[in-house]
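# Chain and residue survey
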Amino acid sequence: MNLVIIDPLKDAVTSTGVTLRDRRFVHIRDVHQVARGDLLKVGLLNGSIGLASVEHIDQASVSLSWTELTQRSPLPLPVTVILALPRPKMLKRVLQTLSSMGVKDIWLIHSYRVDKSYWSTPILNEASLYEQMLLGLEQSGDTNLPTLHIRKRFKPFVEDELPAMVEGKRAYVAHPYQALTCPASEWLPTVLAIGPEGGFIPYEVEKLNAAGLSSISLGQRILKVETAVPVLLSRLFPVI
């Protein structure tokens, strides 16, 4: 945890500090091993970043105090990521990766090779999604929580919503067959669709192409979704 993120809506925040008793406190106590007077990097969720002093710590809680938080979060990536719902364990890792790399607009969609049972995983409840994205923010030192959308029907999403999303942007679907080589990195507004393990089926690729997404490939090697996500983002954008 490289940044202690404070949520004013969930934490007992005063004008100058907060007391923590949850996993953040355990991490501060056991990993950072702070003492009274030590400084920690903190940030308000969707707000500014600064330093906080440890006012008190015991076996039950830690109290932090700050005077001003003036530092801004890193720039977000100008990208919308459309992700066919991965299997639950992978979903947790991918959400943390997307959040830590600065993606602020995430769409989870259904596709033919997404097992329908994945949609019943408890990881998709609001609290769990929030937790995974927060872990990514804590890792990268960012406070701005991504917006996450869920679409359980492929065709209505691709036909009714996607064309407007890609208008005026470069738009790609990661697909290793009959595809262009991944383009050079540029800081441009982008829409990126990534399929499930096994990839989008041909019908889905055709529908995505018709909506304005060009097929791109990373080469001959076929990567797992959790590997393809950071590789694609690193290839498409010059600074992460």
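The sections below set out a description of the structure shown in this document. Computed from a predicted structure; not experimentally measured.

## Describing the overall build of the protein chain
When its secondary structure is counted, the protein chain shows six helices and 13 strands. Each principal axis of the C-alpha atoms in the protein chain carries an extent, and together these give about 60 × 40 × 35 Å. Counting the 240 residues in the protein chain, one finds 45% classified as buried. Within the protein chain, residue pairs in contact and separated by at least 24 positions form 71% of the contacts whose partners lie at least 6 positions apart. The protein chain carries 25 positive and 23 negative side-chain charges, and their two centres are separated by 5 Å.

## Examining helix α6 (residues 225-236)
Spacing of three or four residues puts side chains on the same side of an α-helix, whose turn is 3.6 residues. An ideal rise of 1.5 Å per residue puts 16 Å on twelve residues; α6 measures up with 16 Å between its terminal C-alpha atoms. Buried within α6 are the following residues: V225, A228, V229, L232, L233 and L236. Summarising the axial view, the buried residues of α6 lie within an arc of 120 degrees, below the 170-degree limit, and thus occupy one face. Where α6 is buried, its residues meet β7 (79-84), α2 (88-100), β10 (170-174), β12 (190-194) and β13 (214-217).

## A word on the environment of Y112
Assignment of secondary structure puts Y112 in the loop between β8 (105-109) and α3 (126-140). Given the relative accessible area of 66%, Y112 is considered exposed. Taking C-alpha positions, Y112 is 47 Å from L69, a pair spaced 43 residues apart along the chain. For Y112, the contacting residues outside a window of four places in its chain are I201 and E204.

## Focus: unusual backbone geometry
Look at Q33: it is not a glycine, yet its phi comes out positive at around 50 degrees. Residue position: Q33 is located in the loop between α1 (23-32) and β3 (39-44). The phi angle at N46 is positive, at roughly 60 degrees, despite the residue not being glycine. Inspection of the secondary structure assignment puts N46 in the loop between β3 and β4 (49-57).

## Observations regarding the nonpolar core
Core analysis: the biggest nonpolar cluster contains 51 residues, and I82, L98, L162, F200, L213 and L233 have the highest contact counts within it. Counting residues in each nonpolar core, the second largest holds 16 residues, with M1, V42, V62 and W66 among its members.

## A word on the packing of aromatic side chains
The way to describe two aromatic rings as a pair is by their centre distance and the angle between their planes. Per the counting criterion, the structure on display carries three aromatic pairs. Centre to centre, the rings of W107 and F157 are 5.5 Å apart; their planes meet at 35 degrees, and the pair counts as tilted. Here F157 lies in helix α4 (residues 154-166) and W107 lies in strand β8, a separation of 50 residues in the sequence. Just as W107 is buried, F157 falls in that class too. The ring of Y130 is capped by K10, whose NZ or CZ atom sits 4.9 Å from the centre of that ring. A cation over a ring is seen here: R170 above F237, with NZ or CZ 5.2 Å from the ring centre.

What counts as what
Residues numbered from 1 in each chain as written. Predicted model: local features only at pLDDT ≥ 70, side-chain atom pairs only at ≥ 80, totals over all residues. Heavy atoms only, no water. Helix = DSSP H or I, 4+ residues; strand = E, 2+ residues; numbered from the N terminus. Buried < 20%, exposed > 50% of the residue type's maximum accessible area, 1.4 Å probe, protein only. Contact = heavy atoms within 4.5 Å. Lys, Arg positive; Asp, Glu negative; His and termini not counted. Charge placed at Lys NZ, Arg CZ, Asp CG, Glu CD. Expected span 1.5 Å × (residues − 1). Arc of directions from axis to C-beta. Core = buried A, V, L, I, M, F, W, Y, C linked by side-chain atoms within 4.5 Å. Phe/Tyr/Trp six-rings, centres within 6.5 Å; stacked < 30°, edge-to-face > 60°. Lys NZ or Arg CZ within 6 Å of the ring centre and 35° of its normal.

Geometry only, nothing functional implied.
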